[in-house]
Amino acid sequence: MSPTGAAPGRAQSRRTLRRLLSARNVVVAAATALALLLPLFGSNFFVEFVMTRTMILGIAAATIVFLAAYGGMVSLAQYLLAGVAGFMVGNAVVAQDAWSKGLKLGWNPWVAVLFALAVTTAVAFVLGALASRTTGIYFLMITLTYAVIGYYVFGSITPLSGFGGITGIDPPGLFEDHPQRMYLALVVLSVLVYVAFRVLAVTPFGLALQGIRDDPVRMASLGFNVSLHRTLAFTLAGFTAGLAGVFNVWWNGQIDPTSISIGPTLDLLIVAVIGGTLSLEGAWLGAFVFVAANNYLRNLPLVDHIGITEARFNTIVGVLVLLIMILSPDGLAGIIDRIRLGLRRLVHLSRGSGAGPAEAAAGSKP
């Protein structure tokens, strides 16, 4: 190959390397490495409760971010879809002789997972097809309606659950009595979900979805099936939420309609808002802040003297969300991005100011 022919290849390799070594990717890789090493030095409570819950909520919240950032659809049905997967797992794995409600099919846990994900994906496709022709506040309200209907469906149909719920849901032997294995599996799953969504964004489907987000009328005039793209995106998000729901029911060991009611549904939206609905990384960042606040703000010393009690904790979370939204409508991820850009400007300014005298000195030499 000639030197002139090799130059474009080397330039492309350098551009690819720069993209891989971007600040965003380096920070994500460092956070992943820290999460994988956390069981070596973190307390059992922090790893098995705080961080495990963070990963579950992060995966579920990432589906809200995916739909909002790439499709312009803010969905309140994601926790319902996670709950559908959880209920299907519970109905499938609980044995016939167990003291619990549900179908009690007594299936193998891994077969139950496949069954749960298939049902969840089918439900997501149907719900997405119904909601795909709405946008904005109307899409938000119809998905909220889905959440309310789901609560009453599982509460009213006693053979599936009833308001008492399903108990005694054991995880597979790989995770039973091994909570740190479950945590590590969730870290790996989180990475896969994050990478899959980012890769999908640059595929023809992802680019078309972003075009539909920006101007659906123009995309339709170009021949794109707007409703189908939105339905498929909602279905993919539902499948991913189902994965979070499977791990959630394994982690809890039970599920009932209250766990998918309006409260948890809005909590998941709060997680996405705290982290930032335009950043995939924000899903896990918001989940960590929410779970950490939920567990540690209640136990701060002397807080009861200033009126922060157990009954008022939701008020504290509301104030926290309000402050974040005032400081940055893009959530914590937006604040971090602005700090990073500010530091980059300072570096460039310092280099520029330092280069002037040096260049002047060099230019004055004979």
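The following paragraphs examine the structure supplied in this document. Since we're looking at a predicted model, the values are computed, not measured.

Parameters and conventions
- Residues numbered from 1 in each chain as written.
- Predicted model: local features only at pLDDT ≥ 70, side-chain atom pairs only at ≥ 80, totals over all residues.
- Heavy atoms only, no water.
- Helix = DSSP H or I, 4+ residues; strand = E, 2+ residues; numbered from the N terminus.
- Contact = heavy atoms within 4.5 Å.
- Areas by Shrake-Rupley, 256 points an atom, 1.4 Å probe, with all protein chains shown as cover.
- Buried < 20%, exposed > 50% of the residue type's maximum accessible area, 1.4 Å probe, protein only.
- Axes fitted to C-alpha atoms, helices over the stretch in contact; angles between N-to-C directions.
- Parallel < 35°, antiparallel > 145°, perpendicular 65-115°, else oblique.
- Left-handed = near helix turned anticlockwise from the far one by under 90°.
- Nonpolar A, V, L, I, M, F, W, Y, C, P; charged D, E, K, R; others polar.
- Core = buried A, V, L, I, M, F, W, Y, C linked by side-chain atoms within 4.5 Å.
- Phe/Tyr/Trp six-rings, centres within 6.5 Å; stacked < 30°, edge-to-face > 60°.
- Patch = residues over 30% accessible without salt bridge, like charges linked within 9 Å, V, L, I, M, F, W, Y side chains within 5 Å.
- Salt bridge = Lys/Arg side-chain N within 4 Å of Asp/Glu carboxyl O.

1. Describing the overall build of the protein chain
Next, step 1: Per the secondary structure count, the protein chain includes 14 helices and zero strands.
Next, step 2: Starting at the N terminus, the α and β elements of the protein chain follow one another as α-α-α-α-α-α-α-α-α-α-α-α-α-α.
Next, step 3: In the protein chain, 75% of the contacts between residues at least 6 apart in sequence involve partners at least 24 apart.
Next, step 4: Element-wise, carbon and sulfur atoms account for 69% of the exposed surface of the protein chain, whose accessible area totals about 18,800 Å².

2. Overview of unusual backbone geometry
Next, step 1: Unusually for a residue other than glycine, K104 sits at a positive phi of about 55°.
Next, step 2: Inspection of the secondary structure assignment puts K104 in the loop between α4 (78-93) and α5 (109-131).
Next, step 3: Its relative accessible area of 18% is what places K104 among the buried residues.
Next, step 4: Phi at D177 takes a positive value of approximately 65°, unusual for a residue other than glycine.
Next, step 5: Position of D177 relative to the elements: it lies in the loop between α6 (136-156) and α7 (179-201).
Next, step 6: Take D177: its relative accessible area is 72%, and that puts it in the exposed class.

3. Focus: the packing of helix α2 (residues 23-41) against α7
Pairs of packed helices are described in terms of their axes, by the angle between the two and the distance that separates them.
Next, step 1: At a closest axis distance of 9 Å, the pairing of α2 and α7 adopts a crossing angle of 165°. Here α7 runs roughly antiparallel to α2, going by the angle between their axes. Crossing angle aside, the handedness with which α2 passes α7 is left-handed. The residues of α7 that touch α2, namely those facing R24, N25, V28, T32, A35, L36, L38 and P39, are Q180, Y183, L184, V187, V191, Y194 and R198.
Next, step 2: Here the residues of the contact of α2 with α7 are counted per class, giving ten nonpolar, three polar and two charged.

4. Here we look at the nonpolar core
Nonpolar side chains in soluble globular proteins tend to end up buried together.
Next, step 1: Ranked by size, the top nonpolar core spans 81 residues in total, and within it F66 and W250 carry the most contacts.
Next, step 2: Element by element, the count of residues in this core is highest for helix α3 (residues 44-71), at 16 residues.
Next, step 3: Apart from residues lying up to four places away in sequence, F66 is in contact with G71, F197, L200, L209, A233, L236, A237 and L280.

5. Some remarks on the packing of aromatic side chains
Next, step 1: Within this structure, the stated rule accounts for 17 aromatic pairs.
Next, step 2: An angle of 10° between the planes, with centres 4.4 Å apart, marks the rings of F66 and F197 as stacked. Taken together, the positions of F66 in helix α3 and F197 in helix α7 put the pair 131 residues apart, joining distant regions of the chain. Each of the two residues, F66 as well as F197, counts as buried.
Next, step 3: Relative to F234, the ring of F139 lies with its centre 6.2 Å away and its plane at 80°, an arrangement referred to as edge-to-face. With F139 in helix α6 and F234 in helix α10 (residues 226-252), the pair connects residues that are 95 residues apart, well separated along the chain.
Next, step 4: Here F139 falls in the buried class, since its relative accessible area comes to 2%.

6. Overview of a nonpolar patch on the surface
Next, step 1: Nonpolar side chains collect at one region of the surface, where F125, V126, L130, L228 and L232 lie side by side and expose about 450 Å² of accessible area between them.
Next, step 2: For the nonpolar patch, the secondary-structure elements that each account for two or more residues are α5 and α10.
Next, step 3: A total of three residues in the nonpolar patch trace back to one element, the largest contributor, which is α5.
Next, step 4: Mapping L232 onto the fold places it in helix α10.
Next, step 5: A residue is classified by how much of its surface remains accessible, and L232, at 38% relative accessible area, is partly exposed.

7. A word on the pattern of salt bridges
Next, step 1: Within this structure, the stated rule accounts for one salt bridge.
Next, step 2: Between D214 and R213 there is a salt bridge whose closest N-O contact spans 2.9 Å.

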